[in-house]
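Residues per chain are reported as follows:
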Amino acid sequence: MSHNPNEVPRIIDNNANAQYGSVKWNPLKSIWITSIYLAAFIGGYYYFTWPAFAFYLISTAAVLCFGHSLGMHRRLIHNSFETPLWLECIMVYMGVMVGLGGPFTMIRTHDMRDWAQRQKYCHDYFAHRQKFWKDYFWQIHCDIKLDNPPEFEFEANVVNSRFYKFIEKTAMLQPLPWMLLFYVIGGWPLVFWGVYARIATTVTGHWLIGYFAHSDDAVDWHVTTAGVQGHNVKFTGLITMGECWHNNHHAFPGSAKIGIYEGQADPGWWVLKALEKAGLAWNIQTHENLPKRQGLYYIGQKELKASSCIFSGKALGN
Ligand SMILES: [Zn+2]
Ligand SMILES: [Zn+2]
């Protein structure tokens, strides 16, 4: 599908309203994550071993990098690079392991928030505007239902994929076969650390970064047309696989490179460059070759190095 990478192409606005709606407790989601928390804390405590802990660290990094950041976010949601279909499917499957839902859920959740944040006014839910614990409860245990939501249209090749349909339907059950396998290989320590602790970490971490990425911290770009701005969450580049440079992401949503300044660690980008070298990724979009986003202004202190960005001037867009 060809589209302007700065737009949210799957949303059909139709006079929809991003501001009015209600946040409702989602029992299934809430009980699912609460049982994962309980198992992670209790089982993780009683069955702690160093090898299981090492496995937890490695598997968490793998699903976040290949699955969430590259497969779901940079490939499926933003189409910011191309890759063989088999590799896309593997990465998207790994993204399901993060515990936030299947591919359709991820695309829809992301795009609804992206669309809402571009409006002049949007509900506190989309902007993470409420206090820390209330926002936690909303984002992890509830859903928002807008009074007048936009329509949504998936790309045909994604929505008709039998594989994506299958992992969408079974997303919450997908950890089960892995639990069985890990139990056979390493017993309970591997089950509690390799599945429960990992999912508890990725689901909670995803919300935490989203919360701080819309509160206040470093900002280099301002999008005048959007009601909500993105912020960079410092010192978290490595553990978020580069996703924490959210101010850059709001400025250049279609860029596969999220850490665009020196010192902004972006492991997802490093891995993507390695895939490109191996011939497994191509047509990689970055802030250097994307069209300008409407209303984007540079307000930071440090200029991008001339070689790394064509936008070394002040104002963009209009
Ligand atoms: Zn955002
Ligand atoms: Zn995004």
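Cut-off values and rules
- Residues numbered from 1 in each chain as written.
- Chains lettered and ligands numbered in written order.
- Predicted model: local features only at pLDDT ≥ 70, side-chain atom pairs only at ≥ 80, totals over all residues.
- pLDDT = per-residue confidence, 0-100.
- Contact = placed C-beta atoms within 7 Å.
- Core = buried A, V, L, I, M, F, W, Y, C linked by C-beta atoms within 7 Å.
- Buried ≥ 20, exposed ≤ 12 C-beta atoms within 10 Å, placed from the backbone.
- Helix = DSSP H or I, 4+ residues; strand = E, 2+ residues; numbered from the N terminus.
- Pairing = 2+ DSSP bridges.
- Axes fitted to C-alpha atoms, helices over the stretch in contact; angles between N-to-C directions.
- Parallel < 35°, antiparallel > 145°, perpendicular 65-115°, else oblique.
- Left-handed = near helix turned anticlockwise from the far one by under 90°.
- Nonpolar A, V, L, I, M, F, W, Y, C, P; charged D, E, K, R; others polar.

### Some details on the confidence of the model for the protein chain
Where the model shows low pLDDT, its predicted coordinates should not be examined in detail.
For step 1, the next point in the chain: Confidence in the prediction for the protein chain averages 91 pLDDT; 93% of positions are at 70 or higher.
For step 2, the next point in the chain: Contacts from residues 303-318, a stretch scored under 50 in pLDDT, to residues over four places away or in other chains number 26 contacts.

### Here's the deal with the nonpolar core
Considering soluble globular proteins, one finds that nonpolar side chains tend to be buried as a cluster.
For step 1, the next point in the chain: Membership of the largest hydrophobic core comes to 50 residues, with the highest contact counts inside it found for Trp193, Tyr196 and Leu272.
For step 2, the next point in the chain: Looking at this core, the elements with two or more residues in it are helix H1 (27-46), helix H2 (50-77), helix H3 (85-96), helix H4 (103-118), helix H8 (162-169), helix H9 (175-212) and helix H11 (267-277).
For step 3, the next point in the chain: The leading source of residues in this core is H2, at eleven residues.
For step 4, the next point in the chain: Those residues in contact with leucine 272 that lie beyond four places of it in its chain are Leu70, Phe81, Ala256, Ala281 and Ile284.

### Details of unusual backbone geometry
Negative phi values dominate among residues other than glycine, just as trans dominates among peptide bonds.
For step 1, the next point in the chain: If you check the backbone angles, histidine 128 has positive phi at about 55 degrees while not being a glycine.
For step 2, the next point in the chain: By secondary structure assignment, the location of histidine 128 is in the loop between helix H5 (124-127) and helix H6 (132-141).
For step 3, the next point in the chain: In this structure histidine 128 comes out as buried when scored by C-beta crowding, with 20 C-beta atoms within 10 Å.
For step 4, the next point in the chain: If you check the backbone angles, phenylalanine 235 has positive phi at about 65 degrees while not being a glycine.
For step 5, the next point in the chain: Positionally, phenylalanine 235 belongs in the loop between strand S5 (221-223) and helix H10 (246-251).

### Considerations on the environment of isoleucine 185
For step 1, the next point in the chain: Assignment of secondary structure puts isoleucine 185 in helix H9.
For step 2, the next point in the chain: The exposed category is assigned to isoleucine 185, around which 11 C-beta atoms lie within 10 Å.
For step 3, the next point in the chain: It is 35 Å that separates the C-alpha atoms of isoleucine 185 and phenylalanine 235, two residues lying 50 residues apart in sequence.

### Things to note about the pairing of strand S2 (residues 21-25)
For step 1, the next point in the chain: Little of S2 is tucked away, with zero of its five residues classed as buried.
For step 2, the next point in the chain: Alignment of S2 against strand S3 (residues 142-146), held across five bridges, turns out to be antiparallel. Opposite glycine 21, over in S3, you have leucine 146 as the bridge partner.

### Side note on the packing of H6 against H9
For step 1, the next point in the chain: Across the interface, H6 lies against H9 with an axial gap of 10 Å and an inter-helix angle of 125 degrees. Comparing the axis directions of H6 and H9 gives the class oblique. At the point where H6 passes H9, the crossing takes the right-handed sense. Here H6 contributes Phe132, Asp135, Tyr136, Gln139 and Ile140 to the contact with H9, which in turn contributes Val203, Trp207 and Tyr211.
For step 2, the next point in the chain: Among the residues making up the contact of H6 with H9, the classes are represented as six nonpolar, one polar and one charged.

### Details of the packing of H2 against H4
For step 1, the next point in the chain: Here H2 crosses H4 at 65 degrees, and the two axes come no closer than 11 Å. Crossing hand, H2 versus H4: right-handed. For the pair H2 and H4, contact is made by Met72, Leu76 and Ile77 and by Pro103, Met106, Ile107 and His110, respectively.
For step 2, the next point in the chain: Here the residues of the contact of H2 with H4 sort into six nonpolar, one polar and no charged.

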